[in-house]
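Below are the chains, spelled out letter by letter.
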Amino acid sequence: MSQSANPAATAVLVVDVQNDFVDDRGRVGRSGADMRPLQEATSEINRLITAAREAGARVFYIAVEHGGKVDLPPYQARYARREMTPDDTLCHEGTWGAELYSALLPPATGEPKLVKHGYDAFQIPELERALLESGIRTVVVTGVVTELCVSATAISAFARGLFPAVHRAPTATTAPRAGRSPLDSTGSGAGHVPAGPV
């Protein structure tokens, strides 16, 4: 972690590092996408988690789950063009694909794992409540994918009065060109995107 952050007022949010997104056998991997950037980012996320724990910062794990029972109509409208059905979705609730990626450091005792059903982790009321109760002022947003859930969560944190930081190394996407623009936008409008190491 950066030495400029106050660990006691900092939380690391680990967003959507799940089998369907990162594992070669997951839904994205089976589509033929190059999974190496996401797997390399996981190693960087593990390094950040370890540093956060040693410094005394909080770590929150965020996972997404989809399915006909939990997805809102706008997301369900995307099923067909993404070759999904209400019973067979990306990170479908209760499946192996929705579990945390095996190479990711698992939550330690006391580190919550929270579940969302969209892009923004702050859709989970418990997240904001836990951050505020813990006196958190800065959130370091990591995970996948950069241009969707990572970006949405960082911007939402800013809108809630928190200071978001998004490091490039512990975030990733299967479309690197698509991921660069949201990081640039986050850095210019809503948070801090450091150029150097975590």
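Residues numbered from 1 in each chain as written. Predicted model: local features only at pLDDT ≥ 70, side-chain atom pairs only at ≥ 80, totals over all residues. Heavy atoms only, no water.

Trainee: Is there a simple way to think about the overall build of the protein chain in this case?
Mentor: Tallying secondary structure elements over the protein chain gives seven helices and six strands in all. Taking all contacts inside the protein chain whose residues are at least 6 apart in sequence as the whole, residues at least 24 apart take part in 76%. (Helix = DSSP H or I, 4+ residues; strand = E, 2+ residues; numbered from the N terminus. Contact = heavy atoms within 4.5 Å.)

Trainee: Looking at this structure, how should I read the pattern of salt bridges?
Mentor: Proximity of charged atoms lets side chains of opposite charge pair with each other. Taken as a whole, this structure holds seven salt bridges when the rule is applied. Between Asp88 and Arg27 there is a salt bridge, with the nearest N and O atoms lying 2.9 Å from each other. One end of the pair, Asp88, is in the loop between helix H4 (73-76) and strand S3 (113-116); the other, Arg27, is in helix H2 (residues 27-30), with 61 residues separating them in the sequence. Residue Asp88 is classed as partly exposed on the basis of its relative accessible area of 40%. Ionic pairing is found between Arg47 and Glu44, a salt bridge with its closest N-O pair at 3.0 Å. Highlighted residues: Arg47 and Glu44, both in helix H3 (residues 36-55), separated by three residues, approximately one helical turn. (Salt bridge = Lys/Arg side-chain N within 4 Å of Asp/Glu carboxyl O. Buried < 20%, exposed > 50% of the residue type's maximum accessible area, 1.4 Å probe, protein only.)

Trainee: Please clarify how unusual backbone geometry should be interpreted in this entry.
Mentor: With the exception of glycine, most residues fall at negative phi, and the peptide bonds are largely trans. Residue Val145 follows Val144 across a cis peptide bond; omega there is -15°. With respect to the helices, strands and loops of the structure, Val145 is situated in the loop between strand S4 (138-144) and helix H6 (146-159). Although it is not a glycine, Glu83 adopts a positive phi angle of roughly 60°. By secondary structure assignment, the location of Glu83 is in the loop between H4 and S3. Overall, Glu83 belongs to the exposed group, its relative accessible area being 71%. Positive phi, normally seen in glycine, also occurs at Cys91, with a value near 50°. With respect to the element layout, Cys91 can be found in the loop between H4 and S3.

Trainee: When you look at the packing of aromatic side chains in this model, what are you seeing that I'm missing?
Mentor: Both the distance between ring centres and the angle between the ring planes are used here to describe each pair of aromatic rings. The final tally for this structure, using the stated rule, is one aromatic pair. With a centroid separation of 6.1 Å and 80° between ring planes, the pair formed by Tyr75 and Tyr79 is classed as edge-to-face. In terms of burial, Tyr75 and Tyr79 fall into one category: buried. (Phe/Tyr/Trp six-rings, centres within 6.5 Å; stacked < 30°, edge-to-face > 60°.)

Trainee: Can you walk me through the pairing of strand S2 (residues 58-64) in this structure?
Mentor: The side chains of a regular strand alternate, residue by residue, between the two faces of the sheet. Of all seven residues in S2, six are buried; the element is thus mostly enclosed. Bridge count between strand S1 (residues 10-15) and S2: five bridges; the pairing is parallel. Among the inter-strand pairings, Val14 is bridged to a residue of S2, identified as Tyr61. Pairing of S2 with S3 involves four bridges; the strand directions are parallel. When the bridges of S3 are listed, Ala63 appears paired with Val115. (Pairing = 2+ DSSP bridges.)

Trainee: Would you mind showing me how to read the side chain of Gln18 here?
Mentor: Turning to its location among the elements, Gln18 is positioned in the loop between S1 and helix H1 (19-22). Those residues within four positions of Gln18 in sequence are excluded, and the remaining contacts are Asp23, Ala63, Val64, Cys91, Gly97, Ala98, Glu99, Leu100 and Tyr101.

Trainee: What should I look at first to understand the side chain of Glu65 in this one?
Mentor: Among the secondary structure elements, Glu65 is positioned in the loop between S2 and H4. Although Glu65 is buried, it forms no salt bridge, and the closest oppositely charged side chain is Lys113 at an N-O distance of 5.4 Å. Residues within four places of Glu65 in sequence aside, it is in contact with Val70, Asp71, Cys91, Glu93, Gly94, Ala98, Val115, Lys116 and His117. (Lys, Arg positive; Asp, Glu negative; His and termini not counted.)

Trainee: Help me understand the state of the cysteines, please; the structure alone is not making it clear to me.
Mentor: Linking two cysteines covalently via their sulfur atoms produces the bond known as a disulfide. The full count for this structure, using the stated rule, is zero disulfides. Sulfur of Cys91: no disulfide; nearest cysteine sulfur belongs to Cys149 and is 8.9 Å away. You can call Cys91 buried: its relative accessible area is 0%. (Disulfide = S-S within 2.5 Å.)

Trainee: I keep staring at H6 and nothing clicks. Help me out?
Mentor: Three- or four-residue spacings in an α-helix give side chains the same orientation, since the helix completes a turn every 3.6 residues. The terminal C-alpha atoms of H6, which comprises 14 residues, lie 18 Å apart, in line with the 20 Å expected from a rise of 1.5 Å per residue. Of all the residues in H6, the buried ones are Thr146, Cys149, Val150, Ser151, Thr153, Ala154, Ser156 and Ala157. Just beyond H6, the residue with positive phi is Gly161, at close to 90°. (Expected span 1.5 Å × (residues − 1).)

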